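# Structural characterization, general
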Amino acid sequence: MLDFGIDKIALIGAVALVVLGPEKLPRVARTVGHLMGKAQRYVADVKAEVNRSIELEELKKMKTHVEDAARDIHEGVRNEVHNASTALNDAWGDGSANAIGGYDPLPPFYKHPRKNWRLKRGATPQWYKQNQGVRRNVQSGAARVARFRPPGRTF
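Residues numbered from 1 in each chain as written. Predicted model: local features only at pLDDT ≥ 70, side-chain atom pairs only at ≥ 80, totals over all residues. Heavy atoms only, no water.

Here we take up the confidence of the model for the chain. Of the residues in the chain, 82% have a pLDDT of 70 or more, and the chain-wide mean is 82. Between the elements of the chain, mean pLDDT differs from a low of 68, seen in helix α3 (residues 117-122), to a high of 92, seen in helix α2 (residues 25-93). (pLDDT = per-residue confidence, 0-100. Helix = DSSP H or I, 4+ residues; strand = E, 2+ residues; numbered from the N terminus.)

Let's shift gears to the packing of aromatic side chains. Note on aromatic pairs: each is described by the distance of the centres and the angle between the planes. In total, this model carries one aromatic pair according to the counting rule given. With a centroid separation of 6.1 Å and 90 degrees between ring planes, the pair formed by Trp127 and Tyr128 is classed as edge-to-face. The exposed category is assigned to Trp127, whose relative accessible area is 56%. For Tyr128, a relative accessible area of 40% gives the class partly exposed. (Phe/Tyr/Trp six-rings, centres within 6.5 Å; stacked < 30°, edge-to-face > 60°. Buried < 20%, exposed > 50% of the residue type's maximum accessible area, 1.4 Å probe, protein only.)

This part covers a nonpolar patch on the surface. Taken together, the side chains of Leu11, Val15, Val18, Val19, Leu20, Val28, Val32 and Met36 make up a nonpolar region of the molecular surface, amounting to roughly 740 Å² of accessible area. Secondary structure elements with two or more residues in the nonpolar patch: α1 (6-20) and α2. With respect to the secondary-structure elements, Met36 resides in helix α2. (Patch = residues over 30% accessible without salt bridge, like charges linked within 9 Å, V, L, I, M, F, W, Y side chains within 5 Å. Areas by Shrake-Rupley, 256 points an atom, 1.4 Å probe, with all protein chains shown as cover. Salt bridge = Lys/Arg side-chain N within 4 Å of Asp/Glu carboxyl O.)

Below is the structure:
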């Protein structure tokens, strides 16, 4: 930037005072200040935009490196699993695993036992339900109010 010392600024101010006069000098100084502020903000915005674009490029490069590393790891794990599964299938196909009394260690699929909660609830004794506070006859709020309303009061 330009190097202005105090002596140069004083010289410019004196020339401006002589040329513009004391009436117009404050308005011109204010206008120059506003223009300098706008210029500084514009330069700051341009710098910020350049910095953002540089950071975005760096992030894109980092993203590609991470994706490549993840892809390599995924391929390595997939290859190891494939090798292990082929080795297991080869060993399983030999008949060596079924040679132990014809026992198949893995069932074909899992079946949920399907327990009936209504049946279990019905098997609970009444005295236990009364002690635990389980309501047997559930009423709506209006029916409960009507049931426990004192006689003789009508609204």
